[in-house]
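# Architecture and fold: a report
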Amino acid sequence: TAVMKNKLPGKRFLIVEDNPILAYDISDLMDEVGAEPVGPALDVGTGMQLVRENDLDAALLDVDIGGEYVWPIAEELDRHSVPYAFVSAQCRTDLLPEPFKGRRCIEKPAAHEEIVEALIAFTGEPNA
């Protein structure tokens, strides 16, 4: 939507999502708000590589990536001080291990507005 145009100009967001349709939908959303999508990573190994090789403003992480949990990527993001939110159909806190409890979790199917709002919150952009 035109309203969201250029809300996050020049920001770089990692997308870790194993459903290609959802992954590319979020990538398109990044383009819409003027941000640069990094990825999408469709598996944990690719996600780890992208965290190490890119300067990121924030990340969106699906919890279960092709049967693997995303925790190693979350830990790597923590090491690099990159904020992130989980995007999952399983946002119940009992699923999240101790270090990740209390992290923002956006319930799937995620509304575009909710994703953009989370990313704006991470980057401290004033015109939220």
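Report on the accompanying structure. In this text the structure is predicted, and so the values were computed from the model without any measurement. (Residues numbered from 1 in each chain as written. Predicted model: local features only at pLDDT ≥ 70, side-chain atom pairs only at ≥ 80, totals over all residues. Heavy atoms only, no water.)

## Let's talk about the packing of aromatic side chains
For the record, the criterion: When the centres of two rings from Phe, Tyr and Trp lie within 6.5 Å, Trp using its six-membered ring, the rings pair. Their planes under 30 degrees apart give stacked, over 60 give edge-to-face, and anything left gives tilted. Summary of the burial criterion: residues with accessible area below 20% of their type's maximum are buried, those above 50% are exposed, and those between are partly exposed, where the area comes from a 1.4 Å probe applied to protein chains only. Only DSSP runs of H or I with at least four residues qualify as helices, and only runs of E with at least two residues qualify as strands; both kinds are numbered from the N terminus onward.
On inspection of all chains with the given rule, the structure shows five aromatic pairs. Aromatic pair tyrosine 69 and tryptophan 71: ring centres 5.3 Å apart, planes at 10°, arrangement stacked. Assessed through its relative accessible area of 41%, tyrosine 69 is described here as partly exposed. When the centroid spacing of 5.3 Å and the interplanar angle of 20° are considered together, the rings of tryptophan 71 and phenylalanine 100 count as stacked. With tryptophan 71 in helix H3 (residues 71-79) and phenylalanine 100 in the loop between strand E6 (84-88) and strand E7 (105-107), this residue pair connects regions lying 29 residues apart in the sequence. Phenylalanine 100 shares its class with tryptophan 71; the two are buried. An aromatic cluster is built from Tyr69, Trp71, Tyr84, Phe86 and Phe100, whose rings are joined through pairwise contacts.

## Examining the state of the cysteines
This is how it is decided: Throughout, a disulfide means two cysteine sulfur atoms within 2.5 Å of one another.
Applying the stated criterion across every chain yields a total of one disulfide. Covalent S-S linkage joins cysteine 91 and cysteine 105, the inter-sulfur distance amounting to 2.2 Å. Torsion about the S-S bond of the cysteine 91 and cysteine 105 cystine: about -85°, corresponding to left-handed handedness. Of the two residues, cysteine 91 is situated in the loop between E6 and E7 and cysteine 105 in strand E7; the sequence distance between them amounts to 14 residues.

## Some points on the nonpolar core
Our working rule: Nonpolar cores were defined as sets of buried Ala, Val, Leu, Ile, Met, Phe, Trp, Tyr and Cys residues, with membership established by side-chain atoms within 4.5 Å. Two residues qualify as a contact provided that any one of their heavy atoms is within 4.5 Å of a heavy atom in the partner residue.
Counting 24 residues, the largest nonpolar core has Leu14, Leu61, Ile73, Leu77 and Phe86 as its most contacted members. Apart from the residues within four sequence positions on either side, leucine 77 is in contact with Val51, Leu56, Ala59, Leu61, Val82 and Tyr84. Ranked by size, the runner-up nonpolar core spans 18 residues in total, among them Leu8, Val87, Ala118 and Ile120.

Shape descriptors only; they carry no functional weight alone.
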